[in-house]
Amino acid sequence: MQAPKKQPTILFIFGGSGDLTYRKLMPALYNLYLDKYLPDQFRIISIGRSDFSNTTYRNYIKKGISEHSRRKDCLKIAWKEFSELMEYYKADLESEKTYKSIAGYVKNYEDEWKAKATEIYYMSIAPQLAPVVAERLHSAKLMTDPARSRMVFEKPFGHDLQSATDLNIRLGQIFKEEQIYRIDHYLGKETVQNILALRFANALFEPLWNSHYIDYVQITAAENIGVEDRGGYYEQAGALRDMVQNHMLQLLCMLAMEPPLSFDANEIRNKKLDVLKAIRIWHKDEVHQNAVRGQYEAGWIEGKQVKGYRQEKNVAPDSKVETFAAVKFYVDNWRWKDVPFYVRTGKCMHSKSTMVTIQFKPAPQYAFPNEAAETWRPNRLTVSISPQMDIRLRFQTKQPGPQMALQPVDMIFNYSDAYGGEDKQPEAYETLLEDVIEGNATLFMRADQVEAAWEIIQPILEAWKTRPPVDFPNYAPGSWGPEDAEALIAKDGYHWITLPDNEKKKR
Ligand SMILES: NC(=O)C1=CN([C@@H]2O[C@H](COP(=O)(O)OP(=O)(O)OC[C@H]3O[C@@H](n4cnc5c(N)ncnc54)[C@H](OP(=O)(O)O)[C@@H]3O)[C@@H](O)[C@H]2O)C=CC1
Ligand SMILES: O=C1O[C@H](COP(=O)(O)O)[C@@H](O)[C@H](O)[C@H]1O
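Residues numbered from 1 in each chain as written. Chains lettered and ligands numbered in written order. Predicted model: local features only at pLDDT ≥ 70, side-chain atom pairs only at ≥ 80, totals over all residues.

## Remarks on the packing of helix H8 (residues 190–200) against helix H10 (residues 239–256)
- Where H8 contacts H10, the two axes come as close as 9 Å, and the packing angle between them is 20°. As far as their axial angle goes, H10 and H8 are roughly parallel. For H8 against H10, the interelement crossing comes out left-handed. Contact residues: Val 192, Ile 195 and Leu 196 in H8; Leu 251, Met 254 and Leu 255 in H10.
- Residues that form the contact of H8 with H10 fall into these classes: six nonpolar, no polar and no charged. (Axes fitted to C-alpha atoms, helices over the stretch in contact; angles between N-to-C directions. Helix = DSSP H or I, 4+ residues; strand = E, 2+ residues; numbered from the N terminus. Parallel < 35°, antiparallel > 145°, perpendicular 65-115°, else oblique. Left-handed = near helix turned anticlockwise from the far one by under 90°. Contact = placed C-beta atoms within 7 Å. Nonpolar A, V, L, I, M, F, W, Y, C, P; charged D, E, K, R; others polar.)

As structure tokens, this is what we get:
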């Protein structure tokens, strides 16, 4: 069967000269083009303040694609045709004049298809500029047809609960919720979406997926790089805002949600919202027992000297901003009663590794002699999200030989063996951009989800602000974070789980 034709579309990229466009958006759009996912009638209108002609802009983007596309040597194919879909305009997004020009552009099309095209406005700009742009679009009477106009908001969405709520209220006054696509790029990752397939397309796991059989859940998003040139942004954010409020809570929702009735966008989002609403909100007096922060010092990673966070560009020399956060959450509902969800993330850690682990309870009774096993808690399901992409189920086996000696082994589903190499898997931004073009909001955050996530994070932010850290910097680059993070989990009798080094993929 032939796929239905896609609606003609014009994609405006506000911030077309910026880093996100260069490293993520354009490589994703080019791959969508090569895979024939873009509408036949399609244009990309990039806007920035830098000086570019169409030719110099296209060359600049070509370089970005060659450096960052998952496909190697892809520019040999169809680059010319793709590049002609892009136009660059130098304009100030704070000026009303810019929107008059956009309105003129949108409304005075010479080509008939453009007059009927879907308009997408992608905010690839600083978060403080995005609300200004939304107001300007509204004043210029753009985005008036909800069926044909959409706006994409990058993260962070708000700086705290109040600012996110205020922004949602204002956007709700001038646009329809279904026009607003709030990106969380983790939701576009293949391995993250696969959590839904694993849980809800197999009857095998569901009977075990609850507090009767699961001891605890861990979510790790470790990076082996520092903040690089994003110090200015990071000083306003920190690890809790940058990763936990969005990506990590979304992962937790995928693991903890009830089975959806359908894949309708609102059905999935309702089920995830139920999880967010059930997460126990720590009182400010409880925060210090349940949340840990850290900041990396100067040191070495794999023989390379690295700066401490406080020496990074645009970072204050006495900065109190956390580059590591670990939090213990509980989801207070029937399914998850008393099951801890340990979440940790950090920069400049031992390795790049995003993974979730479901640790099952031990067998209720063992007939084996005590010395037979190294561990009596062998059953664990690990989903490696990136850069490793696999799912492994660990169970106990008998080691060959005359003794009854038990040894845990892994049964592994590996993406590259099953579906080809990494360059065959679409990048998160490919999936998400295609969804925006198609008008499918399932993988995007709804206003109430964003606010529910901020409600969970807000008391931690406040407790940390009232009690500034006294031991920063407190972890070495290349480590797994501060000692307090080990203590957070050790006091419950557990430890953080990592993949053995020899099985990790380098970034
Ligand atoms: N970069 C990344 O890896 C990630 C970024 N994000 C989010 O994406 C958004 C963009 O980030 P990023 O690309 O890194 O930021 P950059 O600072 O690299 O880019 C900002 C862009 O906005 C343009 N711009 C700024 N002010 C104006 C103005 N008044 N008029 C017209 N254009 C303007 C800049 O144009 P010019 O430079 O020509 O002046 C530039 O193109 C942010 O919200 C960020 O939080 C989210 C996840 C990852
Ligand atoms: O959103 C962000 O995510 C990246 C990590 O993303 P990943 O896809 O490489 O896991 C993080 O580096 C960045 O600080 C944060 O803003």
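Anyway, onward from the coordinates.
## With respect to the site of ligand 1
- The environment of ligand 1 is made up of 20 residues, and the closest members are Gly 15, Gly 18, Leu 20, Gly 48 and Ser 50.
- Elements represented by at least two residues in the shell around ligand 1 include exactly helix H1 (19–34) and strand E2 (42–48).
- Looking at the shell around ligand 1 residue by residue, the class counts come to seven nonpolar, seven polar and six charged. (Near = placed C-beta within 6 Å.)

## Concerning the site of ligand 2
- Taken together, the neighbourhood of ligand 2 is formed by Glu 223, Asp 242, Thr 354 and Ser 386.
- When the residues that make up the shell around ligand 2 are grouped by side-chain class, the tally is no nonpolar, two polar and two charged.

## With respect to the UniProt feature "domain: Glucose-6-phosphate dehydrogenase C-terminal" (unreviewed entry) in the protein
- Taking the numbering used here, the UniProt-annotated feature "domain: Glucose-6-phosphate dehydrogenase C-terminal" (unreviewed entry) corresponds to residues 196–496.
- Across residues 196–496 one finds 31% helix and 22% strand; the C-alpha atoms that close the span lie 24 Å apart. (UniProt positions renumbered as here; feature names shortened; annotations may be inferred.)

## Quick notes on the nonpolar core
- Grouped together as the largest cluster of nonpolar side chains are 127 residues, with contacts concentrated most on Phe 12, Phe 14, Met 123, Val 244, Leu 252 and Val 343.
- Both domain 1 (9–154) and domain 2 (190–421 + 447–491) contribute no fewer than three residues apiece to this core.
- If sequence neighbours within four positions are ignored, Val 343 has contacts with Ile 219, Val 244, Met 248, Leu 252, Ala 326, Val 327 and Phe 329. (Core = buried A, V, L, I, M, F, W, Y, C linked by C-beta atoms within 7 Å. Buried ≥ 20, exposed ≤ 12 C-beta atoms within 10 Å, placed from the backbone. Domains from an automatic or database assignment.)

## Topic: the confidence of the model for the protein
- For the protein, the mean per-residue pLDDT works out to 93, and 97% of the residues sit at or above 70.
- Interface confidence in the predicted complex, given as ipTM, is 0.98; pTM for the same model is 0.94. (pLDDT = per-residue confidence, 0-100.)

## Focus: the domain arrangement of the protein
- Here the domain parsing of the protein yields domain 1 (9–154) and domain 2 (190–421 + 447–491).
- Put simply, the middle of domain 1 and the middle of domain 2, counted by C-alpha atoms, are 35 Å apart.

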